[in-house]
Each structure stands twice: as C-alpha cells, then as structure tokens.
Amino acid sequence: MTLPNSDTTTNTKKAKLISTSQTSLSEAGERLRSGHLVSFPTETVYGLGCHAIDPVAVKRVFEAKERPLTDPLIVHVNEASHALKLWDASSSSSSTSSSVNNFEEKALKALADAFWPGPLTIVAKASPEIPSIIMAGTGFVACRSPSHPIARSLIEASGIPIAAPSANKFGHVSPTRADHVMDDLGNEDVWIIDPDLDSDVKVGEKDGIVCDVGVESTVAKVEMESETTGIIAILRHGAVSSQDIHDCLKNANLTSTFEVKEKMQSTGENVSHVAPGQTIRHYSPNVQSFMVSNERCSKEGIVWSQEEIEVLKTAVIIDFSGKLSSLKEYSLAYRDLCVDDDSKTAAANVFGFLRWSETITGAERVFFPEIIVEESNLVKDALVLAVKDRLTRAASGV
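Participant: Summarise the overall build of the protein; cite the residues concerned and give the values.
Facilitator: Looking only at helices and strands, the protein has ten helices and 15 strands in total. Counting all 398 residues of the protein, 56% fall into the buried class. Taking as baseline every contact in the protein between residues at least 6 positions apart, the subset at least 24 positions apart corresponds to 72%.

Participant: Could you give an account of the packing of aromatic side chains, naming the residues involved and the relevant values?
Facilitator: What the rule picks out here adds up to four aromatic pairs. The ring centre of Phe353 lies 5.2 Å from the NZ or CZ of Arg335, which sits over that ring.

Participant: Before we move on, can you summarise the pairing of strand 15 (residues 365-369) with the specific residues and values?
Facilitator: Extensive coverage of strand 15 is indicated by the burial of five of its five residues. The side-chain alternation of strand 15 yields two buried faces, one formed by Arg365, Phe367 and Pro369 and the other by Val366 and Phe368. Summarising the sheet, strand 12 (residues 288-292) and strand 15 pair through five bridges and their orientation is parallel. What sits directly across from Met291, in strand 15, is Phe368. Pairing geometry for strand 13 (residues 315-319) and strand 15, over three bridges, is parallel. Bridge pairing in strand 15 places Val316 opposite Val366.

Participant: I'd love a proper account of the pairing of strand 6 (residues 140-144), names of residues and values included.
Facilitator: Across the five residues of strand 6, five count as buried, placing the element largely inside the fold. In this sheet, strand 6 lies alongside strand 4 (residues 74-76) in parallel orientation, the contact comprising three bridges. Bridged to Ile74 within strand 6 is Ala142. Pairing of strand 5 (residues 120-125) with strand 6, which is carried by four bridges, proceeds in the antiparallel orientation. Looking at strand 6, one finds that Ile122 is bridged to Cys143.

Participant: Tell me about the pattern of salt bridges, and name the residues and values.
Facilitator: Scanning the entire structure with this criterion turns up 17 salt bridges. Residue Arg355 is joined to Asp184 by a salt bridge in which the shortest nitrogen-to-oxygen separation is 3.4 Å. In this pair, Arg355 sits in helix 9 (residues 343-357) while Asp184 sits in helix 6 (residues 178-185), placing the two residues 171 residues apart along the sequence. Given the relative accessible area of 6%, Arg355 is considered buried. Two residues, Arg393 and Asp389, come together in a salt bridge whose shortest N-O distance is 2.7 Å. Of this pair, Arg393 and Asp389 are both found in helix 10 (residues 382-394), four residues apart, which corresponds to roughly one turn of the helix. Exposure remark for Arg393: the relative accessible area of 3% places this residue in the buried category.

Participant: Please provide a residue-by-residue account of the packing of helix 9 against helix 10, values included.
Facilitator: One way to put it is that helix 9 packs onto helix 10 with a least axis distance of 8 Å and a crossing angle of 20°. It follows from the interaxial angle that helix 9 and helix 10 lie roughly parallel. Between helix 9 and helix 10 lies a crossing whose hand is left-handed. Facing Ser343, Lys344, Ala346, Ala347, Val350, Phe351 and Leu354 of helix 9, the residues of helix 10 in contact are Leu383, Val384, Val387, Arg390 and Leu391. Tallied by class, the residues present in the contact of helix 9 with helix 10 amount to nine nonpolar, one polar and two charged.

Participant: I'd like to hear about the side chain of Ser357, residue by residue, with values.
Facilitator: Along the chain, the position of Ser357 falls in helix 9. For Ser357, a relative accessible area of 0% translates into the label buried. A polar side-chain atom of Ser357 sits 2.5 Å from the main-chain carbonyl oxygen of Leu354. Look past the residues within four positions of Ser357 in its chain and what remains in contact with it is Pro285, Val287, Val316, Ile318, Ala363 and Val366.

Participant: An account of unusual backbone geometry is requested, with residue identities and associated values reported.
Facilitator: Omega for the peptide link from Trp116 to Pro117 comes to -10°, which places this bond in the cis form. Tracing the chain through its elements places Pro117 in the loop between helix 4 (98-115) and strand 5. The backbone phi angle of Ala136 is positive, close to 55°, even though this residue is not glycine. Take Ala136: it is sitting in the loop between strand 5 and strand 6. The class of Ala136 is buried, set by a relative accessible area of 11%. Despite not being glycine, Asp340 has its phi angle at roughly 55°, a positive value. Structurally, Asp340 can be placed in the loop between strand 14 (333-336) and helix 9. Under the relative-accessibility criterion, Asp340 is labelled exposed at 71%.

Participant: Can you break down the sheet that holds strand 11 (residues 258-262) residue by residue, with the values?
Facilitator: Strand order in the open sheet formed by eleven strands is 1-8-2-3-7-4-6-5-9-10-11, and the pairing between neighbours is mixed. The two strands at the open ends of the sheet, each matched to only one other strand, are strand 1 (16-18) and strand 11. Along the sheet, helix 2 (residues 55-65) contacts strand 2 (37-41) and strand 3 (46-51); its crossing angle with strand 3, the most-contacted strand, is approximately 145°. Set on the sheet, helix 6 makes contact with strand 1, strand 2, strand 3 and strand 8 (190-193); between it and strand 8 the angle comes to about 160°.

The rules behind these values
Think of each chain on its own: its residues are numbered from 1, step by step along the sequence as written. For this predicted model, a pLDDT threshold of at least 70 governs which residues receive local features, and a threshold of 80 or more governs which side-chain atom pairs are given and counted, while totals over whole chains, interfaces and linings are taken from all residues. To get the side-chain values, all heavy atoms of the structure are used, and hydrogens and water are removed first. A run of DSSP states H or I qualifies as a helix once it reaches four residues; a run of E qualifies as a strand once it reaches two. Both are numbered from the N-terminal end. To sort residues, take the accessible area from a 1.4 Å probe on protein chains only and compare it with the maximum for the residue type: under 20% means buried, over 50% means exposed, and anything in between is partly exposed. Pairs of residues are marked as contacts when any of their non-hydrogen atoms sit within 4.5 Å. Put simply, two rings from Phe, Tyr or Trp (the six-membered ring, in Trp's case) pair if the centres are within 6.5 Å, and we call them stacked under 30 degrees between planes, edge-to-face over 60, tilted for the rest. The criterion for a charge sitting over a ring is simple: Lys NZ or Arg CZ within 6 Å of the ring centre, and within 35 degrees of the ring normal. Should DSSP find at least two bridges between two strands, the strands are taken to pair. Take a side-chain nitrogen of Lys or Arg and a carboxyl oxygen of Asp or Glu: if they are within 4 Å of each other, that pair is a salt bridge. Between the N-to-C directions of two axes lies an angle of 0 to 180 degrees, each axis being a line fitted to C-alpha atoms and, for a helix, fitted only over the stretch in contact. Our angle categories are set so that under 35 degrees counts as roughly parallel, over 145 as roughly antiparallel, 65 to 115 as roughly perpendicular, and the remainder as oblique. The sense of a crossing depends on the near helix, which, turned anticlockwise from the far helix by less than a right angle, makes the crossing left-handed and, turned clockwise, makes it right-handed. In this classification, Asp, Glu, Lys and Arg are treated as charged, Ala, Val, Leu, Ile, Met, Phe, Trp, Tyr, Cys and Pro as nonpolar, and every other residue, Gly included, as polar. The term polar contact refers here to a pair of N or O atoms within 3.5 Å; inside protein, the definition further demands a hydrogen-donor-capable atom paired with an acceptor-capable atom, and it admits residues adjacent in sequence only when both atoms are side-chain atoms.

Structure below.
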C-alpha cells in the first residue's frame, strides 16, 4: 500500500483548494474539459475527477493515485439518459440481439429511475466509445449519478461525463473532507473543492459533514445470461441494499427475468475487475490494523491478560456500538462509531475515524470488532454490511 505523503508544508504543495462559488466551479469545469484533475465531494466520499472520454486525462488519475490499471473507474453523470448512451444495451451501435437489449435496458432504466441521483453505481456492458483504461479492459462500464449538489454543479459546469475514483492514494482510507484529499494528493496537480472556504464555521466544528453517506456507493452489475434471464450482482455494499434492488425490480415487473445475487470479491491487485473496491486490502490506515473476533467482543465479563493490556497501551480502538468497551480504559485512544447498532452513523464516521487513528501519537496498531450480520440473500440494512466490509478490508481480513 502506498502511504500518503507526510510533507504537510503548504509551500511545497502542488494541489490547490478552491471554493464552491459559481466562478470556481466554472473554472473547474473548464479544467476538466482540458484534461486535468479536480477533486470534489459526493454524498459518499470525495472523488478525483477527470474527463471520462479522454484516455490521457484518465491516465492522470491512475498516476496521481498510484492505482493499478486493473481497478476501473466510475463515470459520474447528472442524468440517466447520459449514462444510457454509455451502455451497450442503449447504444445505437450495439450488436447484441434486440430481445436481450430490451430486458437489459429495462433493468438499467428501472434502477436509474429508482435510485438516481444517489449512492448506487450500475455496471453494464459498455458502448464502443468508452476508453478501455476506464474499464480495466473488461468491456463493462460503471456509471453513477451523484446527489451531492456540489458534484452535480461541477458535472453541469463541465458539460462532460466525469470519471472519478476516491481521491486518495490507492489502498489508503477514503477521504470524506477536503483536508483528507490534501493529505494524500497535496503533491499532485489537482484542484480540490473545499466547502469550508465558503463558511465561517468549519466542517470539523459543526455536526454536519460534507459526505453524509460516508462510504462508497453500492455497486450492482446488470448482465444477461440468456435472451430472457439475467442477474443483478451486488459487487460492493453501500447505502442501497439488495432488498431495495429486488423491490425495484418487482415494481418494474422484472423479477421473473432478473435474480439479485451477492457476489462480493476479495482478490489481489493483479486481477482485472468490472468494479472498484474488490481488492482484499483496501481502505487501510498507515497504522497496522486488526479485527478482534466476535468471541472476544463483549460489553461484560471479558478478562484481558496482562500481556494484552500491555499491547493495548499503544493501541487505538475504533469500536462498533460498544463491543470493545472493555478495552477503553487500557487503550491509548478510543472512539465508538455508533451506539445502538446505528449503521447510518457508523458509515458516516468510519473513514474519518480510521484517519483519526493515524493522528494519535504513539499508536502502533488499531483494533476494531468483528461485526456479525445474519446471512441472507436479500439484505435490508446495507450500511452495516458496508461498514463491516470496509473494516475487514482495512485489516486485510485478519
């Protein structure tokens, strides 16, 4: 994993903070059209944006993030009609049979109508105009329409589809604030949109946060298996659940054609993916991170050995609803993502807390609890799965 640059002196930074004024967004839009990079907030995390149809601009994103070409990018648009032009099922040059296209296009439109703008990324076969570098050579392109007003204003100002992964060094904790982006990409040629520049009250000093969902979007892949049957594969957990997607298909009378399946992956960086967030080690702070098994997680009755207590003196605890509260008195620092299993609050906090752990002087390791979720093909609380996934990957599945 590449760690963020430790040089924090402003006079060496190449990155530039800009405000959310109309003038700033207009200039940022022009910058994107000319092939350069702009980082912007979405409701999920901060993205590092480029002109999606310009392969040279896309390459700049991979270079700035030190991201392997096996990890594709998500294309951001404002309108579903713009995304439909990027998918083969709706492309005038499609070579796929009309019956297959008809079902696939119906599913794509149903999902976009139900969940856009919002935290759902939809993956489908790409139209010929999409650069291969965006798709990791897989032939599938991921599209999303963000709901964050700044993201939508930037897309409007640019007049182009914007390809944007999270605005951090590859493998590091995803950013949810402009200063997180500056910490990771400060030495890159990127403009960073910072809402704090427009306010007397900084984000860190008030209850609200810039990226209110706080974890990346749910990723759903639409693919036909025959002329009359297909699957919607959940490749990454986010705020939209598999149950939500099933209900959407039911409302569109498509449940006899499509089955919703969980297809999460954990692979190495050398494997090409159709969607981001599939590598086994991801979202990791620059402090060694470990997951405490559920058997050791309890609010009462746990006895820790003297050796374990000594280890905890240099450890940061990131808890989930008090599961590791018995460690609080022994640890170097402690924060709880949520109370009463509130997955929405936990998701909004998880990346900020992981980055906070890096700031604790003397911290040698981070511990967080294993989160147990009842297994079911159709999940209602997607965010608890999203938090579990991010913490598991941060700890490399340990």
